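Residues per chain, in single letters:
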Amino acid sequence: MQFIYNHRTMGRSSQAMHIRSLVEALKADGHEVTVLSPPGVDPLKAAGMMPFLRKGDRADGLQRIWKYISCECPQFAFEVFELLYNLFLPFRLLPILWRQPDAVLYERHAYFMFMGVLLGKWLRRPVVLEVNELAGFKRARGLIMERLARRIDAWVFSRASHILCVSRVLADEAQRRGADGERVHILPNAIDANRFQSLGPGQSLRARLGLEGSIVIGHVGLFYSWDRLDVLIEAVKSIRTRHPGIKVLLVGDGPEMENLKQTACRLGMESTVILPGPVPRDDVPAYIDAMDICVLPDSNAFGSPIALFEFMAMGKPCVVPDLGPMRDVIDDNVTGIMFPHADYDALEMALLRFVEDSALRIQIGARARLTVFKRHTWAANARFIVQLAIGERSARPIAQVEQLDCDSH
């Protein structure tokens, strides 16, 4: 089959990892994929690169324009640019649609974007819409024209052939905004099984980072205030009164980096909290493997964090907040431990359970790895999308889709 993958991201970080992983999975299955990106953006090359977080971050060519719009543009003007992209899109998308008359249009839904769905329906093409966020849920830079964004959401949802939501929370909200429930499906994020086949690469890292003999509690990602990594450091400080051999490994970078360093200093944990900074994407499995317990202290209420799947793929027991997207993936006390959202005393108790019970860590980590390889691979996601697109599978109610029988890797 032929797919046209249309997106309006900056082609970096987890967004690009999602795009590249799905494109590679479709191609590996023998399908042809044309990726349509904003000018100067290439998610297939830039996946895993840090997003533009600071004014001093380097940008080349057209990326300098997108960096300015993303980092420095006033909010109202930023939303106007998002709307204006609809006027620009036909000049790039229509020629591709005409050259590929049998292609399926696969679009990553974005705030205020409607032109792709409009053109697809005008040319009577199947349109598969991928939904990772929606107006009304908090986003990093806020939203002024929320009412208009919601109206556009409702319009595109009523016209897309299928809507793939990364969480049940988004799927339920899409239906409330007018989407036909039989065309709404839950398809969480996933892993590239080939990247996570081998266990054990983290042992040499433990030695290099001074982690030998310690129980390592870790996290990988972008450091934003809402991740509450500061709370994780405080929880470990408390646990260390009983178990002084614990260390914290936080891999990544972000706006909270300086605050995390200050928190560690304030608590006298400079030698306990290890902050190696951002690492090459190919090295991430080894850093996860160097951890004994993986944690998401907090998360948003709608997203599907790729890090969670990667933690599970490396056989790590995870502690996560009890939120909808986590319940889509984690079976509490079976493939991970969930604690009541924002109850950080409960977070500390969940961590303590794993710290004090190595057998439980091994048992839950093994189940997590088995589950993610069985249900949550990009190859399985790609197969499901193809089945929807060619009509081999009739649309199902959303509660059934996540029970896909996928091949193990």
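Residues numbered from 1 in each chain as written. Predicted model: local features only at pLDDT ≥ 70, side-chain atom pairs only at ≥ 80, totals over all residues. Heavy atoms only, no water.

K.L.:
Could you give me a rundown of the side chain of Ser-214, with the residues and numbers involved?
P.N.:
Residue position: Ser-214 is located in the loop between helix H8 (203-208) and strand S7 (215-222). Looking at Ser-214, the relative accessible area reads 13%, which means it is buried. Those residues in contact with Ser-214 that lie beyond four places of it in its chain are Arg-206, Gly-245, Lys-247 and Asp-292. (Helix = DSSP H or I, 4+ residues; strand = E, 2+ residues; numbered from the N terminus. Buried < 20%, exposed > 50% of the residue type's maximum accessible area, 1.4 Å probe, protein only. Contact = heavy atoms within 4.5 Å.)

K.L.:
Talk me through a nonpolar patch on the surface; I want residue IDs and the actual numbers.
P.N.:
Together, Phe-81, Leu-84 and Leu-87 give the surface a local cluster of nonpolar side chains, amounting to about 300 Å² of exposed area. Looking at the element boundaries, Leu-87 is found in helix H4 (residues 75-99). (Patch = residues over 30% accessible without salt bridge, like charges linked within 9 Å, V, L, I, M, F, W, Y side chains within 5 Å. Areas by Shrake-Rupley, 256 points an atom, 1.4 Å probe, with all protein chains shown as cover. Salt bridge = Lys/Arg side-chain N within 4 Å of Asp/Glu carboxyl O.)

K.L.:
Outline unusual backbone geometry, supporting the account with residue identities and numerical values.
P.N.:
Working note: non-glycine residues mostly have negative phi, and peptide bonds are mostly trans. Phi is positive for Phe-112, which is not a glycine, with a value near 70°. Here Ala-342, not a glycine, exhibits a phi torsion of approximately 70°, which is positive. Relative accessible area serves as the criterion here: at 42%, Ala-342 is assigned to the partly exposed category.

K.L.:
So what's going on with the sheet that holds strand S9 (residues 273-277)? Residues and values would help.
P.N.:
Spatial strand order, S9-S8-S7-S10-S11-S12: 6 strands in an open sheet with parallel pairing. Here the strands that pair on one side only, and so sit at the sheet edges, are S9 and strand S12 (337-339). Strand-to-strand twist in this sheet, taken as the mean axis angle between neighbours without regard to direction, amounts to 25°. As judged from the 2 bridges shared by S7 and strand S10 (residues 293-295), these two strands associate in the parallel manner. When the sheet's bridge partners are listed, Ile-217 is paired in S10 with Ile-293. Across the sheet, helix H9 (residues 229-239) lies against S7, strand S8 (246-253), S9 and S10, angled at about 170° from S8, the strand it touches most. (Pairing = 2+ DSSP bridges. Axes fitted to C-alpha atoms, helices over the stretch in contact; angles between N-to-C directions.)

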